[in-house]
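Notes for the structure review
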Amino acid sequence: MREHDEVRSLPQCRSGDHVALSARRGFCSDDGAETDLDLGHYERFTHAPLSRDNNLTTGRIYEQIILKERRGDYLGKTVQVIPHVTNEIKNAMRKVSANGADVTIIEIGGTVGDIESLPFLEAIRQMRQELGRENTVFVHLTLVPWNCRRPGAEDQTDAALRQGAAVDRHPGRRPALPL
């Protein structure tokens, strides 16, 4: 591994600091969690103090499932994506929603169509079933780059939109607001 490829953690992450997370910028929450920079933007925009609980990752979900399995919570049954992983995601979403907020915003980041996001997409579909359509809204936000100077640039934007639309066609996950 080359020196500039090393991933280093700060010795002390101070609240509100911007940190480097493997070649990307990051944010330190009040409880010392090194998170994606988006969490810092949300904290500043909403004026709500956010913590590591507000930064839900696949790794943390699977860590909780492994701990439960080792404790015997699943009674020796095979751990499956549905219901075990999706239930753990929903439990984490409920945990951050239980703070008395009127609205909870759940961002599912990543690349459209990546297999890693499928359990999260299924979990929000299930949450809509449980909470009702009148209490949930899906918004699909995508960057549509436009380069009017380069011939063929519109082909790139069309491909991104088609890919996003394919995900949006899934029953139970159609966005009310594609932006």
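Note: the structure precedes this text.
Another aspect to go through is the overall build of the protein. The helix and strand inventory of the protein stands at 5 helices and 5 strands. The helix and strand sequence of the protein, counted from the amino end, reads β-β-β-α-α-α-α-β-α-β. The burial tally for the protein puts 26% of its 179 residues in the buried class. Contacts in the protein between residues far apart in sequence, at least 24 positions, make up 43% of those at least 6 positions apart. Accessible area for the protein stands at about 12,800 Å²; split by element, carbon and sulfur atoms hold 54% of it.

What follows is about the packing of aromatic side chains. Evaluated as defined, the whole model comprises 0 aromatic pairs. The positively charged end of Arg128 is found above the aromatic ring belonging to Phe138, 4.0 Å away from the centroid.

Take a nonpolar patch on the surface next. Together, Tyr62, Ile66, Val81 and Ile82 line one region of the surface with nonpolar side chains, adding up to about 330 Å² of accessible area. Only helix H2 (58-71) and helix H3 (81-97) provide two or more residues apiece to the nonpolar patch. With respect to the secondary-structure elements, Ile66 resides in helix H2. Residue Ile66 is classed as partly exposed on the basis of its relative accessible area of 38%.

A separate point is the pattern of salt bridges. One pass over the structure, following the stated rule, counts 8 salt bridges. Lys95 is the salt-bridge partner of Asp53, the closest N and O atoms lying 3.5 Å from each other. Highlighted residues: Asp53 in the loop between helix H1 (37-46) and H2 and Lys95 in helix H3, separated in sequence by 42 residues. Classification of Asp53 by relative accessible area gives partly exposed; the value is 29%. Glu130 is the partner of Arg94 in a salt bridge, and the nearest nitrogen-oxygen pair spans 2.3 Å. With Arg94 in helix H3 and Glu130 in helix H4 (residues 118-131), this pair connects stretches of sequence that are 36 residues apart. Exposure remark for Arg94: the relative accessible area of 35% places this residue in the partly exposed category. The exposure class of Glu130 is partly exposed, given its relative accessible area of 44%. Three or more residues are tied together by salt bridges with common partners; here these are Asp53, Arg60 and Lys95.

Basis of the calculations
Residues numbered from 1 in each chain as written. Predicted model: local features only at pLDDT ≥ 70, side-chain atom pairs only at ≥ 80, totals over all residues. Heavy atoms only, no water. Helix = DSSP H or I, 4+ residues; strand = E, 2+ residues; numbered from the N terminus. Buried < 20%, exposed > 50% of the residue type's maximum accessible area, 1.4 Å probe, protein only. Contact = heavy atoms within 4.5 Å. Areas by Shrake-Rupley, 256 points an atom, 1.4 Å probe, with all protein chains shown as cover. Phe/Tyr/Trp six-rings, centres within 6.5 Å; stacked < 30°, edge-to-face > 60°. Lys NZ or Arg CZ within 6 Å of the ring centre and 35° of its normal. Patch = residues over 30% accessible without salt bridge, like charges linked within 9 Å, V, L, I, M, F, W, Y side chains within 5 Å. Salt bridge = Lys/Arg side-chain N within 4 Å of Asp/Glu carboxyl O.

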